[in-house]
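Listed below, chain by chain, are the residues.
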Amino acid sequence: MTTDSRVGTDRGDTGELEVRPAAGHIGADITGVDLAADLGEETVAAIRKALLRWKVVFFRGQRLDHAGHVALARRFGEPVILPRRGSASPADFREIETTADRLELGGRYGMDHDEWLRRRRHTLLRGWHCDHGARVDPPAATILRAETVPPYGGDTTWANLAAAYSGLSAPVREFADGLRAEHRLGVGYQPRPGDDAYLRHLLDHQTATEHPLVRVHPETGERILFVNGYYVEQITGLSRPESRAILEMLIEQATRPEYTVRLRWEPGTVAFWDNRATIHLAPADTAHLGHARIMHRVMLAGDVPVGVDGTPSLPLTGTAPGRW
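Treat the numbers as computed from the prediction; the structure is a model and nothing was measured.

A.B. asks: Requested: an account of the nonpolar core, with residues and values cited.
C.D. replies: For soluble globular proteins, nonpolar side chains are generally found buried alongside one another. Judged by nonpolar contacts, the single largest core of 29 residues is most densely connected at L213, L225, V227, I235, L250 and I279. Mapped by element, the contributors of at least two residues to this core are α4 (161-166), β11 (223-225), β12 (232-235) and α7 (240-254). With sequence-adjacent residues up to four places away left out, V227 is seen in contact with L161, L213, V232, L247, L250, I251, A254 and I279. Membership of the second largest hydrophobic core comes to 27 residues, among which are L17, A46, V57 and L300.

In structure tokens, the structure reads:
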């Protein structure tokens, strides 16, 4: 096991903090820190440095409760308070959203979670997303902790969008730098026959933004290939066939195996990712296992993306900076 010399080894609040890369382009395990402790400035700075370098960092065997989770998030930014959360979320901690696979939809729209996945993720690339990417100011980061996980299955995969951009040929990078795309909630959902309560929900809560296809990371200055299969509707100014072909090529580029890392969850595992520079794929392999998967997340408020030419994202409907 090696320690990444570019990140270094720092003395943490409870021991020696080490950053161990997990894959060639993305992901690192951080050891030697107790996230439930009152983290000092040096430890916070070391974690932030690793996060910016590796895009997602993992902590194992942590003993965070809801209060500790929120306190940790506040060391790195301002937690988002969602106006609507699932029924499994803790009432006394509005910053926390709990995702319990079998409770996430809970029949609210006349279908179980498995059917929702089939209608929402009907292509191989459809499930890849950043959190709340249809907003004009998507969250800057997400901190997700595992409470209960299946004995096998349920892994999450992340992709590094900065590495994906760098891996494009120079002519394609130059072409993408000048493009913008519409990101919209509910893109590609396949409605149920007859009345569809979920479709009505989407229409009643339309959220859409025109984002740069390549955004500039506000902290590192890296160029980020800002695409995903979940929200992206159309490249502005291109025909539907042109847009579809280019988006498919770019999303395939973003999710190439060499730009990804996969996490095997255990109770007490915490994943902290840069939502500005990654997309991730939640699992779809646990429905038949009969085991619970309960996760808690806190998202940190983000800024409005800016393109290579300095032009910011443009809200189209249902979104405004800082208003959730």
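A.B. asks: Let's hear about α7: which residues, and what values?
C.D. replies: With 15 residues, α7 should cover 21 Å at 1.5 Å per step; its first-to-last C-alpha distance of 21 Å lies within 8% of that length. All buried positions along α7 are accounted for by S243, I246, L247, L250, I251, Q253 and A254. Looking straight down α7, one finds that the buried residues subtend no more than 150° of arc, so they occupy a single side. Where α7 is buried, its residues contact β7 (156-160), α4, α5 (170-177), β11, β12 and β15 (278-281).

A.B. asks: Quick one: what's the story with the sheet that holds strand β8 (residues 180-184), residue by residue and with numbers?
C.D. replies: With antiparallel pairing, the four strands of this open sheet are ordered in space as β12-β8-β9-β17. One side of each edge strand has no neighbouring strand; the edge strands of this open sheet are β12 and β17 (314-317). Strand-to-strand, the axes of this sheet are offset by a mean angle of 25°, without reference to chain direction. As paired elements, β8 and β12 share three bridges and run antiparallel to each other. Counterpart to E182 in the pairing with β12 is Q234.

A.B. asks: I'd love a proper account of the environment of W273, names of residues and values included.
C.D. replies: Its location among the elements puts W273 in strand β14 (residues 270-274). Measuring from C-alpha to C-alpha, the distance between W273 and K55 comes to 5.7 Å, with 218 residues separating the pair along the chain.

A.B. asks: Hey, could you go over the sheet that holds strand β13 (residues 260-263) for me, with residue numbers and the actual values?
C.D. replies: Across the sheet, which stays open at both edges, the three strands sit in the order β13-β7-β15 with antiparallel pairing between neighbours. Every other strand in the sheet has two partners, leaving β13 and β15 as the edge strands with one partner each. Direction aside, the axes of adjacent strands within the sheet are offset by 20° on average. As defined by bridge partners, β7 adjoins β15 across four bridges and the pair is classed as antiparallel.

A.B. asks: Tell me about the pattern of salt bridges, and please be specific about residues and values.
C.D. replies: In this structure the tally under the stated criterion is 21 salt bridges. Here D155 and R262 are joined by a salt bridge, their closest N and O atoms 2.9 Å apart. With a gap of 107 residues between them, D155 in the loop between β6 (141-148) and β7 and R262 in strand β13 connect regions that are remote in the sequence. Residue classification places D155 among the buried positions, given a relative accessible area of 15%. Given the relative accessible area of 56%, R262 is considered exposed. In this structure, R200 and D195 form a salt bridge, with 2.9 Å as the shortest nitrogen-oxygen distance. The class for R200 is partly exposed, based on a relative accessible area of 42%. Exposure remark for D195: the relative accessible area of 57% places this residue in the exposed category. Via salt bridges that share partners, D38, E41 and R75 belong to a single interconnected network.

A.B. asks: Go over the pairing of strand β4 (residues 56-59), please, and point to the residues and values.
C.D. replies: Working note: regular strand, side chains alternate between the two faces of the sheet. Burial along β4 is two-sided: V56 and F58 facing one way and V57 and F59 facing the other are all buried. Judged from the two bridges that link them, strand β3 (residues 28-31) and β4 form a sheet pairing that is parallel. Residue pairing for β4: D29 is matched across the bridge by F58. Where the polypeptide runs from β3 across helix α1 (residues 41-54) and back to β4, its parallel neighbour, the crossover connection is right-handed. Pairing between β4 and β14: four bridges, direction antiparallel. Looking at the pairing, F58 lines up with A271 of β14.

A.B. asks: Give me the side chain of R276: which residues, what numbers.
C.D. replies: Along the chain, R276 turns up in the loop between β14 and β15. For R276, a relative accessible area of 9% puts it in the buried group. Here E219 takes part through its side chain, which lies 2.9 Å from a polar atom of the side chain of R276. Polar side-chain contacts of R276 include one of 2.9 Å to the side chain of D274. Apart from the residues within four sequence positions on either side, R276 is in contact with L52, P139, A140, R215, H217, P218, E219, I224 and D303.

Conventions we followed
- Residues numbered from 1 in each chain as written.
- Predicted model: local features only at pLDDT ≥ 70, side-chain atom pairs only at ≥ 80, totals over all residues.
- Heavy atoms only, no water.
- Core = buried A, V, L, I, M, F, W, Y, C linked by side-chain atoms within 4.5 Å.
- Buried < 20%, exposed > 50% of the residue type's maximum accessible area, 1.4 Å probe, protein only.
- Helix = DSSP H or I, 4+ residues; strand = E, 2+ residues; numbered from the N terminus.
- Contact = heavy atoms within 4.5 Å.
- Expected span 1.5 Å × (residues − 1).
- Arc of directions from axis to C-beta.
- Pairing = 2+ DSSP bridges.
- Axes fitted to C-alpha atoms, helices over the stretch in contact; angles between N-to-C directions.
- Salt bridge = Lys/Arg side-chain N within 4 Å of Asp/Glu carboxyl O.
- Right-handed = clockwise from strand over helix to strand, strands pointing away.
- Polar contact = N/O pair within 3.5 Å; in protein donor to acceptor, adjacent residues only side chain to side chain.

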